Amino acid sequence: MATTGATTGIVNARVKMGTVWDRTIEVLNGRTDMIAPIALLGIALPSVLRDGFAAFSTPGTLTFALVGATLAIAALVAVIWAQLAIVAIATDPATNAAEARRVAGKRVLPALGITMLLTFVAALFVVPPVIVLLNSGFDFAAAASGSSVQMTPPSANAAAFVALYGLAFLLVAIWIGARLVLLNPVILNERRGIGAIRRSVQLTKGLTWRIIGVLILFAIVMLVSTWAAQSVTGIIFRLALGADGIATATFLSGVVATIVTTVFTALAAVFTAQLYVAVREKLPPGMKSPMKLDFATVLTDAWTLFKRDRDLLLRIAAPFLFLPAFALALVVPDPPMPDAAAGNNEAQAMVWADAVQTWAAAHGGWYLLAYVMSFFGTSLFYALYLDREHLDLRQALTRCLRIFPRFLLAMVIVSLPAGAGLLLYAIPGLYILGRTMLTGPALFAEAPLGALAAIRRSLVLSRGSGLPLMGLAAFSYISGWLVGAPFMMADRALREGGQANPVALAIVDAGAAVAAMAAGIAMALIAISAYRRLAR
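None of the values given here were measured: they were computed from a predicted structure.

### Some remarks on the overall build of the chain
Stage number 1. For the chain, the count of helices and strands is 19 helices and zero strands.
Stage number 2. Burial analysis of the chain (536 residues in total) assigns 40% to the buried set.
Stage number 3. In the chain, once contacts between residues fewer than 6 apart in sequence are set aside, the share between residues at least 24 apart is 76%.

### Overview of unusual backbone geometry
Stage number 1. The backbone of Arg191 sits at a positive phi, close to 50°, despite the residue not being glycine.
Stage number 2. With respect to the element layout, Arg191 can be found in the loop between helix H8 (183-189) and helix H9 (195-203).
Stage number 3. The exposure class of Arg191 is partly exposed, given its relative accessible area of 47%.

### A closer look at the side chain of Thr262
Stage number 1. With respect to the secondary-structure elements, Thr262 resides in helix H11 (residues 246-282).
Stage number 2. A residue is classified by how much of its surface remains accessible, and Thr262, at 5% relative accessible area, is buried.
Stage number 3. The contact partners of Thr262, leaving out residues within four places of it in the chain, are Ala39, Ile43 and Ala44.

### Examining the layout of surface pockets
Stage number 1. What the second largest pocket holds in volume is close to 1,100 Å³.
Stage number 2. Around the second largest pocket sit 32 residues that line it, and Gln83, Gly177, Leu180, Val181 and Leu215 are the ones nearest its centre.
Stage number 3. Only helix H3 (62-91), helix H4 (97-124), helix H7 (156-179), H8, helix H10 (208-241) and H11 provide two or more residues apiece to the lining of the second largest pocket.
Stage number 4. Ranked by residue count, the leading element in the lining of the second largest pocket is H11, at seven residues.

### Observations regarding the environment of Leu239
Stage number 1. Looking at the element boundaries, Leu239 is found in helix H10.
Stage number 2. Taking the C-alpha atoms as reference points, Leu239 and Ala249, ten residues apart in sequence, are found 8.9 Å from one another.

### Quick word on the packing of aromatic side chains
Stage number 1. One pass over the full model with this rule turns up 14 aromatic pairs.
Stage number 2. Ring centres of Trp303 and Phe306 lie 5.7 Å apart, and the angle between their planes is 25°; on these two criteria the pair is classed as stacked. Residue Trp303 and its partner Phe306 are both found in helix H12 (residues 295-331); the two are separated by three residues, about one turn of the helix.
Stage number 3. Between Phe320 and Phe376 the ring centres are 5.2 Å apart and the planes differ by 50°, which places this aromatic pair in the tilted class. Placement of the pair is Phe320 in helix H12 and Phe376 in helix H13 (residues 346-385), with a sequence separation of 56 residues.
Stage number 4. By way of ring pairs, the aromatic residues Phe320, Phe375, Phe376, Tyr382, Phe404, Phe407 and Phe444 are connected into one cluster.

### Things to note about the nonpolar core
Stage number 1. Counting 53 residues, the largest nonpolar core has Ile86 and Leu275 as its most contacted members.
Stage number 2. Mapped onto this core, the elements with two or more residues apiece are helix H2 (17-56), H3, H4, H8, H9, H10 and H11.
Stage number 3. Here Leu275 is in contact with Val15, Met17, Val20, Val181, Leu182, Leu207 and Ile211, once residues within four sequence places are set aside.
Stage number 4. In this structure, Phe404, Phe407, Ala445 and Leu472 belong to the second largest nonpolar core, which totals 47 residues.

### With respect to H12
Stage number 1. The end-to-end C-alpha distance of H12 is 38 Å, clearly below the 54 Å that 37 residues give at a rise of 1.5 Å each.
Stage number 2. A bend of about 85° at Asp309 is the largest found in H12.

### With respect to the confidence of the model for the chain
Stage number 1. Confidence in the prediction for the chain averages 82 pLDDT; 86% of positions are at 70 or higher.
Stage number 2. Here residues 286-291 scores under 50 on pLDDT; set against residues more than four positions off or in separate chains, the count is 17 contacts.

### What to know about the pattern of salt bridges
Between side chains of opposite charge, pairing is possible as soon as their charged atoms come close.
Stage number 1. If you walk through the whole model with that rule in mind, you get eight salt bridges.
Stage number 2. Put simply, Glu99 and Arg102 hold a salt bridge, and the shortest N to O gap is 2.5 Å. In this pair, Glu99 and Arg102 both sit in helix H4, three residues apart, roughly one turn of the helix.
Stage number 3. We classify Glu99 as partly exposed; its relative accessible area is 31%.
Stage number 4. When salt bridges with common partners are traced through the structure, they connect Glu190, Arg192, Arg199 and Arg280 into a single cluster.

### Some points on the packing of H3 against H4
For any two helices packed against each other, the geometry is given by the interaxial angle and the distance between the axes.
Stage number 1. Contact geometry for H3 and H4: axes closest at 8 Å, N-to-C directions at 125°. Taken together, the axes of H3 and H4 are oblique relative to one another. Considering the relative orientation of H3 and H4, their crossing is right-handed. The segment H3 lies against H4, with Leu76, Val77, Ile80, Trp81, Leu84, Ala85, Ala88 and Ile89 engaging Ala100, Arg101, Ala104, Gly105, Arg107, Val108, Ala111, Leu112 and Thr115.
Stage number 2. Taken together, the residues that form the contact of H3 with H4 break down as 13 nonpolar, two polar and two charged.

### Focus on the side chain of Thr226
Stage number 1. In this fold, Thr226 is placed in helix H10.
Stage number 2. A relative accessible area of 14% means that Thr226 is categorised as buried.
Stage number 3. In this structure Thr226 touches Ala257, Val260 and Thr261, once residues within four positions along its chain are discounted.

### Details of a nonpolar patch on the surface
Stage number 1. There is a patch of nonpolar side chains on the surface, built from Phe125, Val126, Val130, Leu134 and Phe169 and spanning about 400 Å² of accessible area.
Stage number 2. By the element assignment, Val130 lies in helix H5 (residues 127-135).

About the thresholds
Residues numbered from 1 in each chain as written. Predicted model: local features only at pLDDT ≥ 70, side-chain atom pairs only at ≥ 80, totals over all residues. Heavy atoms only, no water. Helix = DSSP H or I, 4+ residues; strand = E, 2+ residues; numbered from the N terminus. Buried < 20%, exposed > 50% of the residue type's maximum accessible area, 1.4 Å probe, protein only. Contact = heavy atoms within 4.5 Å. 1 Å grid on protein atoms, 1.4 Å probe; cavity = no way out; pocket = protein on both sides within 12 Å on 5 of 7 lines; lining within 4 Å. Points joined across faces, edges and corners; volume = space filled by probe spheres on them. Phe/Tyr/Trp six-rings, centres within 6.5 Å; stacked < 30°, edge-to-face > 60°. Core = buried A, V, L, I, M, F, W, Y, C linked by side-chain atoms within 4.5 Å. Expected span 1.5 Å × (residues − 1). Bend = angle between axes of the 7 residues up to and from the residue. pLDDT = per-residue confidence, 0-100. Salt bridge = Lys/Arg side-chain N within 4 Å of Asp/Glu carboxyl O. Axes fitted to C-alpha atoms, helices over the stretch in contact; angles between N-to-C directions. Parallel < 35°, antiparallel > 145°, perpendicular 65-115°, else oblique. Left-handed = near helix turned anticlockwise from the far one by under 90°. Nonpolar A, V, L, I, M, F, W, Y, C, P; charged D, E, K, R; others polar. Patch = residues over 30% accessible without salt bridge, like charges linked within 9 Å, V, L, I, M, F, W, Y side chains within 5 Å. Areas by Shrake-Rupley, 256 points an atom, 1.4 Å probe, with all protein chains shown as cover.

Rendered as structure tokens:
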């Protein structure tokens, strides 16, 4: 891997930005008649519709929020589609407009998913300064409304932390943006899902600083051009429409700014396509499209296993995954949580600690038993699918009993850092879950292995595939939580009423248990499918 990275860096050092710009101009000169309609339809028009609704509607109403959110999402999807279509046109001279629109339509959902994932990750890293400001007494509501009256300013330490954090965040964001500049060309041309992130990072090795320079220059020119167009046309429209037409004048000047932004967005799409082509031309043949773990392929493999063996899988999952989760939700109360309204004093912390200790003494054993049973069910899946002798259920059960103590120890070791990481803004925990996802499969497929050796084996196998595996872990974990959350909310609502209907309570708790069972099956089959591909 080190040799591959070094080779990529040397190769990319030969890619000249001047040549890429020359090719970009050639594409624009020859194919503008194909690019312009797509840019106007996919970038300019949705943005104008969204901004027009926001400008001439009454804010603060439910209709405004729903329609505004719908238009914003539609505009995002349209912009991504247009960028992909322009990339298709600029990448291959043989591609016509109809083919570009068709290919972009097929790849818009993966591109949208990756965009949302990256946005979510970026939002998580915005949380620390927000927490620091809240703890210092800063009033975000007053700041958002533009009112500074009676607003407590942040402390000097908080302001210094936020300033330094913001500067570091900006620098890191610029660097990451440069490494991900080829994301859309990779998604479109190499049919990759979340693996496109790693592929873009690989392809831009050795080009980072030159790309950053281009991005900064591009951003300055675009911002100055947009500001100048909007300012000049804003003055003209206000003079023409008078004092009563300020809102219309503002909207029309915004339309002009959107047109300018559309031109630069199309230009950026063509440039990234030509940069991708230039980098690919310089790569050795063996590196044109390296075999890596693919998000969609692993999910397809797991789904195929489930469709083929669902009867057997559900018979195993019912007692070991569904029943423990159902019993916990129905009978065992949730652990006590600290009272946020009571403050952070030491006495309150001691009261909460005593409540947790009392709860653990009364109910902790049931939680421990439920987790052991669910781990056993998961290990039984591995014994069924990852033995060279293709054991049946009875033989798999026997083998599982023999290996299970090591599997349980490995899961406990993995759960400690993963659980801490999930509490720490989720991303570190999901990454640990992804890198250690192959621990169980390695234990059963490569026996005899110890718990620590299986964890090390998972780390070795997952090297270079951390992001796809993190995405797969997030898919299982977050999907199960999202499906089960409405049932758990209904459970709490029923119990808070005092006299909960036992039938209704059993139904909603069964729904939550089904969600947990589905997530457990998905995680096991995904781990099996990923192991089979990476252990070849």
